[in-house]
Amino acid sequence: MNILNTKIILATTICISSLATKAQTIEYSKRKNNYTVNDTVIAKLDIKGNGFGRCRSFFVKDLNEKKLIEYNNIAEKDTFGGFHGWYNVSIPEFNLQFNMDENQDLNSEKFFANVPIAFKLMNVDGKLNKDACKKFAAQNSFSNEKAFHRLNDSLKALVSGDRPIVARNRKYPPYADANGRIGQGDDVIGKWELKVIPNNIPGSSMAPTRIIYIKNTVGTLLAIYYKGATDYTMFGKKKETVSLNPGATKVFSGNESDILLIGKIAEDLVYRGIL
């Protein structure tokens, strides 16, 4: 075999190998919301719901509209008014159900559209890979739903205790100190605790969530304050949201330190007889 024939055979082999490699590549088109192999559509992504990047549900479907993979967005509100979100994922063909954290990527369409490709859940013919799907489900065995209910049950327990009416001498205004105490005159009448929950969303510049818990001396939670808002929430026979504005003694500029703000809330709680 001469050198020319060898080069032709080698070039042909490389060309065939290149075509074979290309044939195995699944690509997703954001503009058309579909999956293609060599420009041939094999599946599509259906999107439900509104929201910037998140808070939407996604469905990978075959060309006959059969749902292959479902990412159903779940949003729950806990006893304190905090929101918790995750995705209930279903692969009906193999009877698989599991959860995924919603904080995967700021652009949730990009993330969830890429899951079947990155984890090889879908073959180049548009059909699902059973072994890969089972492996992926096993890797996501954590139950966000059970974790939410455990958390919410603990929050309910914090606000389920007795709140006796307390008669206090209003000659001395309540105040808070840097050591987590709430006082009135020489008496300690409550305590406060700041929780800072970091934002773990990749690529997001959202500030951490700041929550202040105010408790009476036996540890019963009385109020919660969110993210610098003018409102706080109290728990009694019913949950009640109270605003610091308007009112001569409740003026809120938005620039107060945590200690001054807690003092204002404590003053309102003392006035109501619950601190």
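Residues numbered from 1 in each chain as written. Predicted model: local features only at pLDDT ≥ 70, side-chain atom pairs only at ≥ 80, totals over all residues. Heavy atoms only, no water.

Focus: the nonpolar core
The tendency in soluble globular proteins is for nonpolar side chains to be buried side by side.
In step 1: Membership of the largest hydrophobic core comes to 28 residues, with the highest contact counts inside it found for Tyr35, Ile69, Tyr71, Ile91, Phe98, Met100 and Leu128.
In step 2: For this core, the elements supplying multiple residues, two or more each, are strand S2 (34-37), strand S3 (40-48), strand S4 (57-61), strand S5 (67-77), strand S6 (83-91), strand S7 (96-101), helix H2 (108-118) and helix H3 (130-139).
In step 3: Counting residues per element, this core draws most heavily on H3, which supplies four residues.
In step 4: If we skip the residues at most four places from it in the chain, isoleucine 91 touches Leu68, Ile69, Leu96, Phe98, Leu128 and Cys133.
In step 5: In this structure, Ile182, Ile214, Met234 and Ile274 belong to the second largest nonpolar core, which totals 17 residues. (Core = buried A, V, L, I, M, F, W, Y, C linked by side-chain atoms within 4.5 Å. Buried < 20%, exposed > 50% of the residue type's maximum accessible area, 1.4 Å probe, protein only. Helix = DSSP H or I, 4+ residues; strand = E, 2+ residues; numbered from the N terminus. Contact = heavy atoms within 4.5 Å.)

Remarks on the packing of aromatic side chains
In step 1: Overall, the coordinates contain nine aromatic pairs when judged by the stated rule.
In step 2: Geometrically, the ring pair formed by tyrosine 28 and tyrosine 35 is tilted, given 5.1 Å between the ring centres and 50° between the ring planes.
In step 3: Taking relative accessible area as the criterion, tyrosine 28 reaches 22% and is therefore assigned partly exposed.
In step 4: For tyrosine 35, a relative accessible area of 0% translates into the label buried.
In step 5: A cation over an aromatic ring shows up here: lysine 67 above the ring of phenylalanine 59, its NZ or CZ 4.4 Å from the ring centre. (Phe/Tyr/Trp six-rings, centres within 6.5 Å; stacked < 30°, edge-to-face > 60°. Lys NZ or Arg CZ within 6 Å of the ring centre and 35° of its normal.)

Considerations on the confidence of the model for the protein chain
As a general rule, the predicted coordinates of low-pLDDT regions are not to be interpreted in detail.
In step 1: Confidence in the prediction of the protein chain, expressed as mean pLDDT, is 80, and 73% of residues score 70 or more.
In step 2: Here helix H1 (residues 3-23) stands out as the element of the protein chain with the lowest mean pLDDT, 50, in contrast to H3, whose mean of 97 is the highest. (pLDDT = per-residue confidence, 0-100.)

Observations regarding the side chain of glutamate 70
In step 1: You can see glutamate 70 is positioned in strand S5.
In step 2: The buried charged residue glutamate 70 lacks any salt bridge partner; its closest oppositely charged side chain belongs to lysine 67, at an N-O distance of 4.7 Å.
In step 3: Polar contacts involving the side chain of glutamate 70 include one to the side chain of asparagine 72, which spans 3.4 Å.
In step 4: Setting aside its immediate chain neighbours within four residues, glutamate 70 contacts Phe58, Phe59, Asn88, Val89, Ser90 and Pro92. (Lys, Arg positive; Asp, Glu negative; His and termini not counted. Salt bridge = Lys/Arg side-chain N within 4 Å of Asp/Glu carboxyl O. Polar contact = N/O pair within 3.5 Å; in protein donor to acceptor, adjacent residues only side chain to side chain.)

So, the environment of leucine 155
In step 1: Tracing the backbone shows leucine 155 in helix H4 (residues 144-158).
In step 2: Of the residues examined, leucine 155 reaches a relative accessible area of 9% and is grouped as buried.
In step 3: Between the alpha carbons of leucine 155 and aspartate 78 there is a distance of 8.0 Å; along the sequence they are 77 residues apart.
In step 4: In this view, leucine 155 contacts Asp78, Thr79 and Phe80; residues no more than four positions away in its chain are not counted.

So, the pattern of salt bridges
In step 1: As enumerated under the stated definition, the model contains seven salt bridges in all.
In step 2: Across the pair aspartate 46 and lysine 48 runs a salt bridge, and its minimum N-O distance is 3.7 Å.
In step 3: In this structure, the salt-bridge partner of arginine 181 is aspartate 177, at a minimum N-O distance of 2.9 Å.
In step 4: Taking relative accessible area as the criterion, arginine 181 reaches 40% and is therefore assigned partly exposed.
In step 5: By relative accessible area, aspartate 177 is classed as buried at 17%.
In step 6: Within the structure, one salt-bridge network assembled from shared partners comprises Lys44, Asp46, Lys48, Lys61 and Glu65.

Looking at unusual backbone geometry
In step 1: The residue glutamate 65 is not glycine, and still its phi comes out positive at about 75°.
In step 2: Assessed through its relative accessible area of 41%, glutamate 65 is described here as partly exposed.

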